[in-house]
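Here is what each chain is made of, one letter per residue.
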Amino acid sequence: MAGNNTEAQNGPQIVKGFGGWKQPSQSGIGGLSLRATLVLGGVAVFLILIMGTAGTMAALEIGVPVVAVVALMVIADADGVTLSKKIGEATMWASKVASGTNIYKAGPASKATGGKFRLPGIAAQLEVTDHADLMGNRFAVVYCPSQKTATVVFGCEPGGVAMLDEDEVDTQIGYYAGWLAQLALEPDLVAATVTVETAPDPGKRLEQVVASRVDPDAPEIARRVLQDSVDAGRGGATQVSTWVALTYTTINMGRKVRDIEGVAAVLATRIGSLRAGLVPAGAGGVWSMDSAALVELVRIAYDPASAVWFDQVHASGQKPQLGWNDAGPSATVTSWAGYQHDSAYSITWSMSGAPKGVVNSGVLRSLLAPAADVARKRVTILYRPIDPGTAASLVDKDLTAASAARGNKNKPEVRMTQALRQAQQTAAEQASGAGLVEFGLLVTATTDDLELRDQVVHTIRNLGAASRIRLRVMYNRRRDTNVRCATGTPHAHRRHSVFRPDRLV
């Protein structure tokens with residue numbers, strides 16, 4: 001990332017901005033992979049031999065279909081999706097509908113799940129167990145046997161930035177950059193996600209808090225005013241939930257780590273520092289989520305109507321008696337552009353283009369904030385940290401490519417000069433200790449009224465445009481766009497950090 005510096009007429013004024021991210025590109029010709037480029041080169045040599053032996057017409061008969069196939073692999077839309085991928089997705093979707101695998105049923109009437117409400121798809125194999133870290137805090141480990149990964153989840157209570165001054169916001173940004181840089185140094189960590197969800201507040205908690213603080217000897221008029229306030233707020237308030245998930249690979253954890261207990265013992269020594277690092281980054285209170293909290297989170301995601309029941313149980317001072325096998329939906333139907341699950345219908349968008357140019361620290365504020373037209377909205381930022389050795393190779397490769405692109409032009413374009421300047425800055429920052437990370441973004445909107453679907457789609461598109469992010473509906477797609485950027489330095493909380501607010505881009 002980089003900063004932007006402007007000067008007003010009445011004196012110097014620093015205007016902070018962030019940018020400099022780059023979408024990873026293929027190393028082959030025309031955006032093809034290296035393997036596809038080698039195959040294309042071999043075909044070209046073969047066609048030349050055919051032309052020399054059998055003549056031009058024979059070469060054309062073979063070459064035209066080859067060119068058509070290459071065109072399908074290269075021609076892409078504005079979101080970077082090629083024609084061949086679209087054809088493949090359409091074929092896969094038609095096969096899924098024909099076989100009926102787009103419909104999922106669980107529970108007592110389902111033989112496939114053994115009468116349990118297990119999660120659909122690859123999530124059905126997940127195992128969730130509770131453990132204790134070095135401080136005695138309980139935390140859950142979500143283990144995926146096929147992928148050999150283990151995930152821990154932190155709950156957060158950020159206070160927001162409404163009451164913070166500019167210096168405090170800068171400090172939190174710097175600490176968050178340092179936390180992202182720390183991910184690349186964490187052994188075996190392969191991914192991290194940060195999710196912010198806005199949803200209707202059932203209102204029972206507010207009612208319980210008010211009832212516990214009302215003086216029984218208070219005047220009737222005062223108690224009536226409080227009750228009217230609770231009634232007015234019921235169903236109209238918004239609950240904001242934030243959680244952070246860290247995913248580790250268990251393949252390289254050692255020979256002694258052969259089961260979930262061994263994995264949890266290793267993670268118990270590592271997650272404490274990462275959890276503590278989120279506090280100064282603006283996460284507020286941070287705690288490790290146990291299996292009961294994860295069950296509630298997943299259950300409400302599949303069946304938002306159950307949020308009222310969970311709220312009532314908590315308000316009564318009890319704990320929901322549900323296990324991981326109760327967290328999944330009873331039925332789901334996957335459609336081309338959405339996902340119907342229990343009491344709701346969801347649509348997911350992926351980021352197909354990062355913001356152009358330089359943005360300020362509040363660029364995602366409108367996308368993260370509650371939206372009046374979207375009852376439940378979830379924004380997830382996905383991070384894939386890059387180890388320092390690989391990061392050095394990537395930034396050097398980007399710098400070489402940018403220098404070559406600019407040097408091959410007698411009159412280089414402005415964007416080439418800008419790309420070279422950003423590549424030079426990223427290389428310098430990485431050499432001085434900054435990390436490198438790939439990130440993507442997903443937005444999921446959920447509604448319990450299918451008639452509001454078009455309104456929800458329109459709202460999310462407007463929110464994405466306000467945040468300068470290009471969003472694309474995930475039409476039966478598991479693809480998202482990753483963008484690479486520098487994250488932080490060992491002193492990322494200072495003004496001369498990787499963000500460089502005191503420097504030109």
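Look up a bit, the structure's there.
Computed from a prediction, not measured in an experiment: that's the story for all the values here. (Residues numbered from 1 in each chain as written. Predicted model: local features only at pLDDT ≥ 70, side-chain atom pairs only at ≥ 80, totals over all residues. Heavy atoms only, no water.)

A.B. asks: Can you walk me through a nonpolar patch on the surface in this structure?
C.D. replies: Taken together, the side chains of Val69, Leu72, Met73, Ile75, Leu83 and Ile87 make up a nonpolar region of the molecular surface, amounting to roughly 470 Å² of accessible area. Where the nonpolar patch is concerned, the elements lending two or more residues are helix H2 (56–74) and helix H3 (83–99). No other element matches H2, which puts three residues into the nonpolar patch. Within the secondary structure, Leu83 is located in helix H3. (Patch = residues over 30% accessible without salt bridge, like charges linked within 9 Å, V, L, I, M, F, W, Y side chains within 5 Å. Areas by Shrake-Rupley, 256 points an atom, 1.4 Å probe, with all protein chains shown as cover. Salt bridge = Lys/Arg side-chain N within 4 Å of Asp/Glu carboxyl O. Helix = DSSP H or I, 4+ residues; strand = E, 2+ residues; numbered from the N terminus.)

A.B. asks: What exactly am I supposed to notice about the packing of helix H9 (residues 291–302) against helix H10 (residues 307–315) here?
C.D. replies: Relative orientation and spacing of two packed helices are given, respectively, by the angle between their axes and the distance between those axes. Packing of H9 against H10 leaves a shortest axis separation of 9 Å and a crossing angle of 145°. Every residue of H10 that contacts H9 at Glu296, Arg299 and Ile300 is listed here: Ala307, Phe310 and His314. A class-by-class count of the residues in the contact of H9 with H10 yields three nonpolar, one polar and two charged. (Axes fitted to C-alpha atoms, helices over the stretch in contact; angles between N-to-C directions. Contact = heavy atoms within 4.5 Å. Nonpolar A, V, L, I, M, F, W, Y, C, P; charged D, E, K, R; others polar.)

A.B. asks: Teacher, can you tell me more about the packing of helix H4 (residues 166–183) against helix H8 (residues 271–283) here?
C.D. replies: H8 packs onto H4 with a crossing angle of 160° between their chain directions and a minimal axis gap of 7 Å. Taken as axis vectors, H4 and H8 run roughly antiparallel relative to one another. Considering the relative orientation of H4 and H8, their crossing is left-handed. Residues Gln172, Tyr175, Tyr176, Trp179, Gln182 and Leu183 of H4 form the contact with H8, whose participating residues are Ser273, Leu274, Gly277, Leu278, Pro280, Ala281 and Gly282. Of the residues contributing to the contact of H4 with H8, the split by class is eight nonpolar, five polar and no charged. (Parallel < 35°, antiparallel > 145°, perpendicular 65-115°, else oblique. Left-handed = near helix turned anticlockwise from the far one by under 90°.)

A.B. asks: Sorry, what's going on with the nonpolar core here?
C.D. replies: For soluble globular proteins, nonpolar side chains are generally found buried alongside one another. Ranked by size, the top nonpolar core spans 57 residues in total, and within it Leu246, Tyr248, Leu267, Trp349, Leu441 and Ile460 carry the most contacts. Top element by residues in this core is helix H7 (residues 260–268). It accounts for six residues. Those residues in contact with Ile460 that lie beyond four places of it in its chain are Trp349, Val374, Lys377, Val443, Ala445 and Leu471. Leu119, Ala140, Val142 and Val298 belong to the second largest nonpolar core, which has 17 residues in total. (Core = buried A, V, L, I, M, F, W, Y, C linked by side-chain atoms within 4.5 Å. Buried < 20%, exposed > 50% of the residue type's maximum accessible area, 1.4 Å probe, protein only.)

A.B. asks: I tried to follow H7 on my own but got confused; where do I start?
C.D. replies: An α-helical turn contains 3.6 residues, so any two residues separated by three or four positions project in the same direction. In terms of burial, H7 is largely enclosed, as seven of its nine residues are buried. Ile260, Gly262, Val263, Ala264, Val266, Leu267 and Ala268 are the residues of H7 that are buried. The inward-facing, buried residues of H7 contact strand E4 (127–132), strand E5 (138–144), strand E6 (149–157), strand E8 (238–249) and H8.

A.B. asks: I would appreciate a short explanation of H8 in the present structure.
C.D. replies: An ideal rise of 1.5 Å per residue puts 18 Å on 13 residues; H8 reaches only 15 Å between its terminal C-alpha atoms. Taken together, the buried positions of H8 are occupied by Ile271, Leu274, Arg275, Gly277, Leu278, Ala281 and Ala283. Down the axis of H8, the sector holding all buried residues measures 160°, keeping them to one side. Within two residues after H8, Gly284 carries a phi angle of roughly 70°, on the positive side. (Expected span 1.5 Å × (residues − 1). Arc of directions from axis to C-beta.)

A.B. asks: Would you mind going over the packing of aromatic side chains with me for this structure?
C.D. replies: The geometry of two aromatic rings is summed up by the distance between their centres and the angle between their planes. Summed over all chains, the structure comprises five aromatic pairs. When the ring of Trp336 is compared with that of Tyr475, the centres are 6.2 Å apart and the planes differ by 20°; the resulting orientation is stacked. Here Tyr475 lies in the loop between strand E15 (470–473) and strand E16 (483–486) and Trp336 lies in the loop between strand E10 (331–334) and strand E11 (339–341), a separation of 139 residues in the sequence. By relative accessible area, which is 33% here, Trp336 ends up partly exposed. Ring pairs connect the aromatic residues Trp93, Trp336 and Tyr475, which therefore count as one cluster. (Phe/Tyr/Trp six-rings, centres within 6.5 Å; stacked < 30°, edge-to-face > 60°.)

A.B. asks: Teacher, can you tell me more about the pattern of salt bridges here?
C.D. replies: The full count for this structure, using the stated rule, is nine salt bridges. Here Arg224 and Glu220 are joined by a salt bridge, their closest N and O atoms 3.8 Å apart. Taken together, the residues span about one helical turn, with Arg224 and Glu220 both in helix H6 (residues 220–233) at a distance of four residues. Residues Asp303 and Arg299 are paired through a salt bridge, measuring 3.4 Å at the closest nitrogen-oxygen approach. With a relative accessible area of 15%, Arg299 lands in the buried category. The network of salt bridges with shared partners includes Glu197, Arg376 and Arg378.

Keep in mind these values describe shape, not function.
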